[in-house]
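Spelled out, the chains give:
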Amino acid sequence: MSEPTSAPHRTREKHRASWLRILLPVVLILAWLVAAGLGGPLFGKVSEVSSNDQTTYLPASAEATEVQALLGDFNDSEAIPAIAVFVGDTELTDAQKTVITDAVTAAPDTEGVSADVSPALPSEDGRAMQAFIPISSDADLGDTVDALGELLRSAAPDGVTVYITGPAGFSADLVAGFAGIDGLLLGVALLAVLVILVLVYRSLLLPVVVLSTSLFALCVALLTVWWLAEAGILLLSGQTQGILFILVIGAATDYSLLFVSRFREELRVTHDTGAAVMTAWKGSFEPIVASGGTVIAGLLCLLLSDLKSNSTLGPVASIGIVFAMLAALTLLPSLLLLFGRAAFWPRRPKFEPEVVAAEDGMPSRGVWARLARTIRRRPRLIWVLTTVVLLAGTVGVTQLNASGVPQSDLVIGTSQARDGQVALGEHFPGGSGSPAYVVVPEASLQQAADVLLANDGVESVSVTASDSPSGSAPVTADGIQAVGAPGTPAPDPTVVDGDVMLQATLTDAADSDAAAATLRDLRVQLETINGLDALVGGVTATAVDTNDASIHDRNLIIPLILVVIMLILMLLLRSVLAPVLLIVTTVLSFGTALGVSALVFNGIFHFPGADPAVPLYGFVFLVALGIDYNIFLMTRVREESLKHGTRDGAMRGLAITGGVITSAGLVLAATFAALSVIPILFLVQLAFIVAFGVLLDTFVVRSLLVPALTYDLGRVIWWPSKLSRRPEETPR
C-alpha cells in the first residue's frame, strides 16, 4: 500500500504546475515574437523574390514557353522591349522628326536601357513615330520605364505627345498596380478587421489580442514563403502575395473567433482560467483543424494545375493556413491564459453557472434564438424558398465572360501603356513591337514565310539576322530582302541548331481577340505543311497558351476539390448524407455568387471580361472557406445532437454558433474586399466574388438553408452512422 502524499509534496506539485502554466505560454509567446520579428522586415522585400512575367508561369510544354527559351539564342539578349510612340497634333515636320530621332538616340543614357535601340520610324500618315527600346531584364522595370518616359517627354518638341507602351510598358503598369500590397492592402485589411472586432466584442484589448494572433501568423508564414522563394522552391507573384496576406489574416481571425467564443462560454461556468482555456482548446481543436485541413486540401488540388501561377498558389497559401491554425491553437490560448477575463474588459464574462444551467446550453434570447424558433415552425418552407432564390441567382452565370482579357485591361484606372497601345494602333500596325515569333527549320524558311504573308492578320514578316544593322531582315514572297544601300546583299538569317526565327508583325494589337484568332489560325496553317516542325510564341501566344491552360485547370480541379472536401466532411461528421447536402448547398451558394457577380461586372462596372482563372479561384476560396462555416455549425450540431437529438441539436447549434460564425463571415468578407484596393482587374473581381459569396454563405446558407434542411430531415441526415438510428425527438 502506497504512503499518502504529504502536504509539502502536494504543495510543491501545485507550485510546479502553477509555474508550468505560466512558463509554457510565455515560451510560446516569445517563440512567436522572435519568428514574427524575423518575418516582419520581409514585407518590403517580397518583390526581390517574385515575378509577374506571364511566361514563367506557363507549363514547360507550351509553345510560348519553348519559344521564350530560344529568344536569347537568336537575339543574344533577354531584354524586355518597350515601344516609344511619338504622336503629333498635326503632321510631323522635318525639324520635329530630327528632335525625336536625337531623343531616341539618347535613350541608352537612361540606366537600365540597353544600347540596341532602333531608329525612330515614321508612320505612313506622317503624324507619328515609333522606336523600339530594349530594357535590361536586370533593371528595375518600373523605375526604368518612368525614367525613360521622363527623358523622352522632356526632349520631345512642342505639340508631340510621348507614350511608353509594349511589353515593358504593360509590365511596368503591373508593377505599379501591385506596389500597394505591402502597405495599402495590409493596412486596409487590418483596419477593417479591427473595426469589426471592436464592434463584436465591445472591448479594447481582445481585438488587439486577436489581431496580433493574425499578424504574427502572417509574419511567420511570410518568413517561410520568402526563403522558399529565395531558394527557388516556390514561385511568387504579386497576385499570390496579395492572396496570401488576405487569406492568413482572414483565416487566423476566423479560427481565433471560434476559440474566443468557446473560451467565453467556459468562463461563465468556471473561475479557473487555465481550465477554461483547456476546455476551449479541446472544443475548438477539431473544427479548427478540420476547417484548416479542408482549405489546405482544396488548395493543394491546385498542384495539378498546368499553370504555375495556380500550382504555386496551392503550397504558398497552404503554408499560410498552417500558421493561421498554429497561431489560433498556440499563441492565442497563451495570450488568453495570461490575460484571463481582463482580455474582455470592459465587458468581462460573468461567472454565472446557475444561468448557464437554466439555459441548458441553449440561449433563450437574442436574434439567433428567435431565428431558431422561426425555423422550428416552418423548416420546409424556409429551405425551399431559400433554394429557389439561390437558384434564381445562378442564372446570371451565363453572362460571365471568363475567356480572358487583353493585357491592356489588366490594370484598372489610367494606364500610359494602354493609351500608347491605342495611339500605336491608330498610326501603325497594332502588333508593332510585339511580334509573333515563329521558329522553323532553315530549309522551310520561305515556305513558312509564305504562310504568314498569306494571312490577312499579318502585316509583315522578317527574319532574325545577326549581320543586319537592325538585327533582322524583311522577308517577302521573293525571299530575304537586303537592308541598307542599294546593291547591298541580303543578310544571312541567324541559325540555331538548324532553326531560324521569323517575326510576324500582326495587324491587330498583340493582346486583342483578333490577334489571338490570327495566332491560332497560323498554328493550324503551319501544321498543314508536311514535315514542318514549327513553334509559335510571343506576347499573343503567351496569352493564348495561358488562357488554354487556365481553362484546362478549371475543368480538372473544380470537380477534384469537391470530391476531396466531401471525403473530409464524411470523416469529420461520420456521415454520408450530411456532407453531400453541405457540398450541394455550398456549390449552390457559389453559383449564386458567380451569377450575381457577372451581372454586377457587366451592368455596373462594365468590365471587359474576366480571366479564366477567376471562376477557379472564386470556387477554391468560396467552397473551401465557405464550407468552414458549415463545419463550425455542423460539428456543434452533431455535438448537441448526441445529447438532445438531431432536431433540438440543430436549433441549439444555430443559436450557440450564430454570433461567432456571423462575425467570422464578416471578417473574412472584409479582408477579401480589401483586395479591391489593388487596381488589378483579377484581384478586384476575386474580391467581389469571394466577399459577396462569403456573406451569402454566412447570412443565407448557414443561417437559413442548412439549419432548416437539417431540422426537416431530422436524424436521417446522419445516415449511415449510429446517430441516424437513434430515437428522434418529436418535431416542435
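Residues numbered from 1 in each chain as written. Predicted model: local features only at pLDDT ≥ 70, side-chain atom pairs only at ≥ 80, totals over all residues. Heavy atoms only, no water.

**Student:** Please give an account of the sheet that holds strand 3 (residues 128–135) that cites residues and values.
**Tutor:** Strand order in the open sheet formed by 4 strands is 2-3-1-4, and the pairing between neighbours is antiparallel. Since the sheet does not close on itself, it has two edges, and those belong to strand 2 (121–122) and strand 4 (160–165), each with one partner. In terms of strand pairing, strand 2 meets strand 3 through 2 bridges, oriented antiparallel. Each residue of the ladder has a partner; that of Pro 122, found in strand 3, is Met 129. In the packing of helix 15 (residues 416–427) onto the sheet, contacts are made with strand 1 (80–88), strand 3 and strand 4, and the angle to strand 4 comes to roughly 110°. (Pairing = 2+ DSSP bridges. Helix = DSSP H or I, 4+ residues; strand = E, 2+ residues; numbered from the N terminus. Contact = heavy atoms within 4.5 Å. Axes fitted to C-alpha atoms, helices over the stretch in contact; angles between N-to-C directions.)

**Student:** Tell me about the pairing of strand 10 (residues 535–538), residues and numbers included.
**Tutor:** Here strand 10 shows two buried faces, one formed by Leu 535 and Gly 537 and the other by Val 536 and Gly 538. As paired elements, strand 5 (residues 436–441) and strand 10 share 4 bridges and run antiparallel to each other. What sits directly across from Val 439, in strand 10, is Leu 535. (Buried < 20%, exposed > 50% of the residue type's maximum accessible area, 1.4 Å probe, protein only.)

**Student:** Explain the nonpolar core to me, using residue names and the numbers behind them.
**Tutor:** Counting 157 residues, the largest nonpolar core has Tyr 255 and Phe 621 as the members making the most contacts within it. Here this core gets 18 residues from one element, more than from any other, and that element is helix 20 (residues 613–644). Apart from the residues lying within four places of it in its own chain, the contact partners of Tyr 255 are Ile 288, Ser 291, Gly 292, Val 295, Ile 321, Ala 324, Met 325, Ala 328, Asp 628 and Phe 632. Core analysis: the next-biggest nonpolar cluster, separate from the first, contains 33 residues, Val 440, Val 475, Leu 519 and Leu 522 among them. (Core = buried A, V, L, I, M, F, W, Y, C linked by side-chain atoms within 4.5 Å.)

**Student:** How would you explain the environment of Pro 353 if you had to name every residue and give the values?
**Tutor:** With respect to the helices, strands and loops of the structure, Pro 353 is situated in helix 12 (residues 353–359). In this structure, the C-alpha to C-alpha distance between Pro 353 and Leu 642, residues 289 residues apart in sequence, is 22 Å. Look past the residues within four positions of Pro 353 in its chain and what remains in contact with it is Arg 268 and Val 269.

**Student:** Summarise the packing of aromatic side chains; cite the residues concerned and give the values.
**Tutor:** The tally for this structure, following the rule as stated, stands at 13 aromatic pairs. For the ring pair Phe 605 and Phe 688, a centre distance of 6.5 Å and an interplane angle of 85° mean the geometry is edge-to-face. One end of the pair, Phe 605, is in helix 19 (residues 577–605); the other, Phe 688, is in helix 22 (residues 681–713), and 83 residues separate them in sequence. By relative accessible area, Phe 688 is classed as partly exposed at 27%. With centroids separated by 6.4 Å and ring planes inclined at 75°, the aromatic side chains of Tyr 617 and Phe 621 adopt a geometry described as edge-to-face. Here Phe 621 and Tyr 617 lie together in helix 20, a separation of 4 residues that amounts to about one turn. Take Tyr 617: its relative accessible area is 2%, and that puts it in the buried class. In this arrangement the basic side chain of Arg 647 is found over the ring face of Tyr 711, its NZ or CZ atom lying 5.6 Å from the centre. (Phe/Tyr/Trp six-rings, centres within 6.5 Å; stacked < 30°, edge-to-face > 60°. Lys NZ or Arg CZ within 6 Å of the ring centre and 35° of its normal.)

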